[in-house]
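Examination of the molecular architecture
Listed below are the residues making up each chain.
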Amino acid sequence: MSGKRSGFTLLEVIIAVAMTATVSLLATAMVSAVSTSREQLARVTQRDGQIMLARWRWRELAWQADPYPIRAEAGRPFDGTPRRVTFWSWCRGADDTESPCFVAAAILVQPAGASLALTAGGRSDQFPLLGPAPTFRFLDDDISPPRWIESWVESRRYPRGIAIVSAAETTVVRMRETAR
């Protein structure tokens, strides 16, 4: 009789099944990690887009700020505290024309994080902010040397700039130097 074998031994079959199971397990873990990374990237990208939109709207409204709009309520002055700012500006309407509007901005601090609540021209939005407990600061250039202060008492005079300051980032917006 010849010692010719046909087929695989039980040990060879068990090793092949174990190798297949290991490769399948690693592939499943990799697919899951890629899916999780993709979801995290989508969330971060959405948040970054919201932050960019907030900066753009904030800069536009602050740059257009005007202490003397043609309006009956024009007596309402600029007012600022570390958590809230109100002033007159020019807002772009749906028909792309600009008209005077009152701007109210507030920094809301919640357990989930801070956000900028912005109301202007009948439109209200809320945008995420980076860093814990951000505050508003105001650039006073009527004093020498110019410096950033924490509050701006009701005044027809506008600060030279407004900053949103936190441990993570600072956004500085220059105010218009003259009335329209």
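Presented here is a report on the structure given in the accompanying data block.

Conventions used here
- Residues numbered from 1 in each chain as written.
- Predicted model: local features only at pLDDT ≥ 70, side-chain atom pairs only at ≥ 80, totals over all residues.
- Heavy atoms only, no water.
- Helix = DSSP H or I, 4+ residues; strand = E, 2+ residues; numbered from the N terminus.
- Buried < 20%, exposed > 50% of the residue type's maximum accessible area, 1.4 Å probe, protein only.
- Contact = heavy atoms within 4.5 Å.
- Areas by Shrake-Rupley, 256 points an atom, 1.4 Å probe, with all protein chains shown as cover.
- Pairing = 2+ DSSP bridges.
- Disulfide = S-S within 2.5 Å.
- Salt bridge = Lys/Arg side-chain N within 4 Å of Asp/Glu carboxyl O.
- Core = buried A, V, L, I, M, F, W, Y, C linked by side-chain atoms within 4.5 Å.

Right, let's get into the overall build of the chain. In terms of helices and strands, the chain carries one helix and ten strands. Overall, the chain shows an N-to-C arrangement of helices and strands of α-β-β-β-β-β-β-β-β-β-β. Out of the 180 residues in the chain, the part that is buried amounts to 32%. A separation threshold of at least 6 residues defines the contact pool for the chain, and within that pool the share at least 24 residues apart is 51%. When the accessible area of the chain is evaluated, it comes to approximately 11,600 Å², of which 60% is carbon and sulfur surface.

As paired elements, strand β4 (residues 113-120) and strand β5 (residues 123-128) share six bridges and run antiparallel to each other. Its bridge partner being in β5, Ser115 is matched across the sheet by Pro128. Between β4 and the antiparallel strand that follows it, β5, lie two residues; Gly121 among them carries a positive phi value of about 60°.

Once that is clear, we can look at the state of the cysteines. Evaluated as defined, the whole model comprises one disulfide. Paired through a disulfide, Cys91 and Cys101 show a sulfur-sulfur distance of 1.8 Å. With the S-S bond torsion at 60°, the cross-link from Cys91 to Cys101 turns out right-handed. One end of the pair, Cys91, is in strand β2 (residues 84-92); the other, Cys101, is in strand β3 (residues 98-110), and ten residues separate them in sequence. The buried category is assigned to Cys91, whose relative accessible area is 10%. Residue Cys101 is classed as buried on the basis of its relative accessible area of 4%.

For residues other than glycine, phi is negative in most cases, and the peptide bonds are mostly trans. Positive phi outside glycine occurs at Asp96, with the angle close to 70°. Among the secondary structure elements, Asp96 is positioned in the loop between β2 and β3. With a phi angle near 45°, Ala133 is a residue other than glycine that sits in the positive phi range. Its place among the elements puts Ala133 in the loop between β5 and β6 (135-140). Look at Ala133 and you get partly exposed, because its relative accessible area is 42%.

As a further point, take the pattern of salt bridges. One pass over the full model with this rule turns up three salt bridges. Asp125 serves as the salt-bridge partner of Arg123, at 2.9 Å between the closest nitrogen and oxygen. For Arg123, a relative accessible area of 42% puts it in the partly exposed group. As a salt-bridge pair, Arg137 and Glu150 come within 3.7 Å of each other at their nearest N and O atoms. With Arg137 in strand β6 and Glu150 in the loop between β7 (147-149) and β8 (152-155), the pair connects residues that are 13 residues apart, well separated along the chain. The class of Arg137 is partly exposed, set by a relative accessible area of 27%.

Another aspect to go through is the nonpolar core. In a soluble, globular protein the nonpolar side chains are often hidden away together inside. Among the nonpolar cores identified, the biggest contains 29 residues, and Trp58, Phe78, Val85, Phe87, Phe136 and Ile162 are the most heavily contacted of them. For this core, the element with the most residues is β3, which contributes five residues.

Purely geometric stuff here, so don't read any function into it on its own.
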